[in-house]
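# Descriptive structure summary
Take a look at the letters that make up each chain.
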Amino acid sequence: DQKIPEKIRHKAIEIGTTKTGLSQTVTDETTNSVWWIKAMLADIYDFSVVAVELGNKNTKFDEFVRGHIDELMGEAMAALVHIDIARAVALARIHSQAEVFRQALVGSISHELRSPLASIIGSASVLDVDPSIQWNERTSSLVHAIRDEAKRVDTDLARLLEVTRLSDRTIRPHMEWQDPVDIIN
């Protein structure tokens, strides 16, 4: 596990926060090592820099070798971009599948709840007008409570479905230009 010298780390940060493509050869006097540092993909990521130790300062590097290193680093960064894109696509797919599952679950639950609720409301309404129930105050109040609570749950469920439809973007607002004077008045 080799550590990057402090001077090289600071220079990499300096270069990495500038323009993409800027490169510089830096020598660390404490280790006599020569480092090649290049800023890459700064327009995609907040901070992207590559630092390669080329050897000691007595080693000669011509432009041909540096050109090959530059090409290699470019290919490495392109591979990293492809990996990042693949990860983003995988995450988008997972989010999409989760959304489809959520919509199916809400649709299924709402259908499974609305049918019994409609039966409960209908039955309570029938019982409410039955003369034998109307005469018994205790039974009549129970029927009213059943009907009222079932209607409340039905209303809550209808609101939940409406919110789901709005978040599903099946309902889109119709936008029109309006004169500000008409809005204020």
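Here's a quick rundown of the structure. Being a predicted model, the structure only gives us computed values, none of them experimental.

## Structural notes on the pattern of salt bridges
Two side chains with opposite charge may pair up if their charged atoms get near one another. Inspection of every chain in the model, using the stated rule, returns nine salt bridges. The partner of Arg147 in a salt bridge is Asp148, with the nearest N and O atoms 3.6 Å apart. Since its relative accessible area comes to 15%, Arg147 is described here as buried. Judged by its relative accessible area of 42%, Asp148 falls in the partly exposed class. Of the charged contacts in the structure, one is a salt bridge between Asp156 and Arg152, with a shortest N-O distance of 3.1 Å. Of the two residues, Asp156 and Arg152 both sit in helix α4 (residues 137–167), four residues apart, roughly one turn of that helix. For Asp156, a relative accessible area of 35% corresponds to the partly exposed category. The exposure class assigned to Arg152 is partly exposed, which follows from its relative accessible area of 43%. Overlapping salt bridges bring together Glu149, Arg152, Asp156 and Arg159 as one network.

## Here's the deal with the environment of Val49
Inspection of the secondary structure assignment puts Val49 in strand β3 (residues 49–56). Assessed through its relative accessible area of 23%, Val49 is described here as partly exposed. Val49 sits 32 residues away from Thr17 along the chain, and the two C-alpha atoms are 8.6 Å apart.

## Things to note about the sheet that holds strand β1 (residues 23–28)
Two modes of strand pairing occur in sheets, parallel and antiparallel, and in both the strands are linked by backbone hydrogen bonds. One open sheet holds the three strands; their spatial order is β1-β2-β3, and the pairing between them is antiparallel. Two strands bound the open sheet, and with one partner strand each, they are β1 and β3. The average angle at which neighbouring strand axes cross in this sheet is 25 degrees, direction not considered. Here β1 runs beside strand β2 (residues 33–39); their pairing, made up of six bridges, is antiparallel. Considered in β2, the bridge of Val26 is made with Trp35.

## Here's the deal with the side chain of Asp28
Considering the arrangement of structural elements, one finds Asp28 in strand β1. Despite being buried, Asp28 has no salt bridge partner; Lys7 is the closest side chain of opposite charge, sitting 5.9 Å away. Side chain to side chain, Asp28 and Thr30 meet in a polar contact 2.7 Å long. A polar side-chain atom of Asp28 sits 2.8 Å from a polar atom in the side chain of Thr31.

## Digging into helix α2 (residues 63–129)
Between its first and last C-alpha atoms α2 spans 97 Å; for 67 residues at 1.5 Å apiece the expected length is 99 Å, and the two agree. The complete set of buried residues in α2 reads Ile69, Met73, Met77, Val81, Val106, Ser110, Leu117, Ile121, Ala124 and Asp128.

## Looking at the side chain of Ser33
Of note, Ser33 is situated in strand β2. What makes Ser33 buried here is its relative accessible area of 4%. Within the structure, the side chain of Ser33 is placed 2.7 Å from the side chain of Thr31, a separation counted as a polar contact. Side chain to side chain, Ser33 and Trp35 meet in a polar contact 2.9 Å long.

Cut-off values and rules
Residues numbered from 1 in each chain as written. Predicted model: local features only at pLDDT ≥ 70, side-chain atom pairs only at ≥ 80, totals over all residues. Heavy atoms only, no water. Salt bridge = Lys/Arg side-chain N within 4 Å of Asp/Glu carboxyl O. Buried < 20%, exposed > 50% of the residue type's maximum accessible area, 1.4 Å probe, protein only. Helix = DSSP H or I, 4+ residues; strand = E, 2+ residues; numbered from the N terminus. Pairing = 2+ DSSP bridges. Axes fitted to C-alpha atoms, helices over the stretch in contact; angles between N-to-C directions. Lys, Arg positive; Asp, Glu negative; His and termini not counted. Polar contact = N/O pair within 3.5 Å; in protein donor to acceptor, adjacent residues only side chain to side chain. Expected span 1.5 Å × (residues − 1).

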